[in-house]
Amino acid sequence: MNFAILMTVLLFSDLILAQDVGNANETEISIEIQSCNPDTCDLLREFGAMTEKLRAVETRLKDSETRLKDSETQILELRSKESTKVIFSAATGGGDKGIGPFNTDTTLIYRTVISNIGNAYSPSTGIFVAPVAGVYYFNIFYCAAGTHPANLNLYINNKPIVAAYDNKSSSDTADTGGNAVFLQLQPGDQVYVRMLVNSWVWGSDYHTTFSGFLVTQM
């Protein structure tokens, strides 16, 4: 390599050190290749190839970082869902005496709280309010006498969903019954039990209950 070629290589090396590799101007490299000496042309070609490889590596790294952030977000969401626990069970309370009959449909309040993980059920109103979107399971059970019919409806917001019913009977002095359902709820949806007009059930800490829990968060 003669002195002129060496000087060209040194000058070009200084140019490389002064610029960011990722922002190299491909047009300038092409012009240099067309007007250079053979040894210098080889160096320029190698530099161009290395630049393309570095850009490819940078692109792959950016893609990997994006996928990693997406994975971290999904993991955090799953952990949040797993940590949400909603479970409740309550009885009417009030001692071993009847509740009803009433001359209008009445929301049944279950005052004796057996469990209330997540505090989604209110023993003062008898209403369960969904804290998160998901699929929930609910069941209602009652004990009734034959002197009056027992007619309980489980509602979501203002819509009746399932019912548990027992006819009035002079020969059958005691009956139990119930029903259950899975419901897909949104945050703020209300679930509660209403006694229809002229209904009657036993009130105690054991006989007439309302329970539910979050099956899976959506």
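Report on the accompanying structure. Being a predicted model, the structure only gives us computed values, none of them experimental.

Description of the overall build of the protein chain
Then, in step 1: A tally of regular secondary structure across the protein chain gives three helices and twelve strands.
Then, in step 2: Residues classed as buried in the protein chain amount to 33% of the 218 residues present.
Then, in step 3: A separation threshold of at least 6 residues defines the contact pool for the protein chain, and within that pool the share at least 24 residues apart is 74%.
Then, in step 4: When the accessible surface of the protein chain is totalled, it reaches about 13,100 Å², and 55% of it is carbon and sulfur.

Concerning the sheet that holds strand 9 (residues 175-185)
Then, in step 1: Pairing is antiparallel across the open sheet formed by five strands, whose spatial order is 4-1-12-6-9. With one partner strand each, in any of the chains shown, strand 4 (112-117) and strand 9 form the two edges of the open sheet. Within this sheet the neighbouring strands show an average axis-to-axis angle of 10 degrees, counted without direction.

Let's talk about the packing of aromatic side chains
Each aromatic ring pair is characterised by the separation of its centres together with the angle its planes make.
Then, in step 1: This model, assessed by the stated rule, comprises 14 aromatic pairs.
Then, in step 2: Between Phe88 and Phe128, the aromatic rings sit 5.2 Å apart at their centres with planes inclined by 20 degrees, giving stacked as the arrangement. With Phe88 in strand 1 (residues 87-91) and Phe128 in strand 5 (residues 128-129), the pair connects residues that are 40 residues apart, well separated along the chain. For the residue pair Phe88 and Phe128, the accessibility class agrees, reading buried in each case.
Then, in step 3: Residues Tyr137 and Phe182 carry aromatic rings whose centres are separated by 5.2 Å and whose planes lie at 55 degrees to one another, so their mutual orientation is tilted. Separated by 45 residues along the polypeptide, Tyr137 in strand 6 (residues 134-144) and Phe182 in strand 9 bring together distant segments of the chain.
Then, in step 4: Judged by its relative accessible area of 56%, Phe182 falls in the exposed class.
Then, in step 5: One aromatic cluster is present, formed by Phe88, Tyr110, Tyr121, Phe128, Tyr136, Phe138 and Phe210 through successive ring pairs.

Points about the pairing of strand 8 (residues 159-166)
Then, in step 1: Examined bridge by bridge, strand 7 (residues 150-156) and strand 8 share seven bridges and lie antiparallel to one another. In the strand pairing of strand 8, Tyr155 is matched with Pro160.
Then, in step 2: Taking the residues between adjacent antiparallel strands as the criterion, strand 7 and strand 8 are bridged by two residues, where Asn157 takes a positive phi near 55 degrees.

A word on the pairing of strand 1
Then, in step 1: Within strand 1, four of the five residues are buried, which leaves the element mostly enclosed by the surrounding structure.
Then, in step 2: Sheet topology note: the strand 1/strand 4 ladder contains five bridges and is antiparallel. Paired with Ala90 across the two strands is Val113, which belongs to strand 4.
Then, in step 3: Two strands pair when backbone bridges link them, and strand 1 and strand 12 (residues 209-217) are joined in this way by five bridges, in the antiparallel orientation. Each bridged residue has a counterpart across the sheet, and for Ile87 the counterpart in strand 12 is Phe213.

Brief notes about a nonpolar patch on the surface
Then, in step 1: On the surface, a cluster of nonpolar side chains totalling about 450 Å² of accessible area is made up of Ile87, Ile117, Phe182, Phe213 and Val215.
Then, in step 2: Take Ile87: it is sitting in strand 1.
Then, in step 3: Owing to a relative accessible area of 38%, Ile87 belongs among the partly exposed residues under this scheme.

Description of the environment of Ile117
Then, in step 1: Within the secondary structure, Ile117 sits in strand 4.
Then, in step 2: Judged by its relative accessible area of 44%, Ile117 falls in the partly exposed class.
Then, in step 3: Placed 31 residues apart in sequence, Ile117 and Val86 show a C-alpha to C-alpha distance of 5.4 Å.
Then, in step 4: With near-sequence residues (within four places) excluded, Ile117 lies in contact with Lys85, Val86 and Ile87.

A look at the environment of Phe213
Then, in step 1: Here Phe213 lies in strand 12.
Then, in step 2: When the C-alpha atoms of Phe213 and Val135 are compared, they prove to be 8.9 Å apart, with 78 residues separating the residues in sequence.

Side note on the nonpolar core
Then, in step 1: Core analysis: the biggest nonpolar cluster contains 31 residues, and Phe128, Tyr136, Phe138, Leu152, Leu154, Leu185 and Phe210 have the highest contact counts within it.
Then, in step 2: Listed by contribution, the elements that provide at least two residues to this core are strand 1, strand 6, strand 7, strand 8, strand 9, strand 10 (190-195) and strand 12.
Then, in step 3: Top contributing element to this core by residue count: strand 6, with five residues.
Then, in step 4: For Tyr136, the residues in contact, after removing those within four places along its chain, are Val86, Phe128, Ala130, Pro131, Val181, Phe182, Leu183, Leu185, Phe213, Leu214 and Val215.

What counts as what
- Residues numbered from 1 in each chain as written.
- Predicted model: local features only at pLDDT ≥ 70, side-chain atom pairs only at ≥ 80, totals over all residues.
- Heavy atoms only, no water.
- Helix = DSSP H or I, 4+ residues; strand = E, 2+ residues; numbered from the N terminus.
- Buried < 20%, exposed > 50% of the residue type's maximum accessible area, 1.4 Å probe, protein only.
- Contact = heavy atoms within 4.5 Å.
- Areas by Shrake-Rupley, 256 points an atom, 1.4 Å probe, with all protein chains shown as cover.
- Pairing = 2+ DSSP bridges.
- Axes fitted to C-alpha atoms, helices over the stretch in contact; angles between N-to-C directions.
- Phe/Tyr/Trp six-rings, centres within 6.5 Å; stacked < 30°, edge-to-face > 60°.
- Patch = residues over 30% accessible without salt bridge, like charges linked within 9 Å, V, L, I, M, F, W, Y side chains within 5 Å.
- Salt bridge = Lys/Arg side-chain N within 4 Å of Asp/Glu carboxyl O.
- Core = buried A, V, L, I, M, F, W, Y, C linked by side-chain atoms within 4.5 Å.

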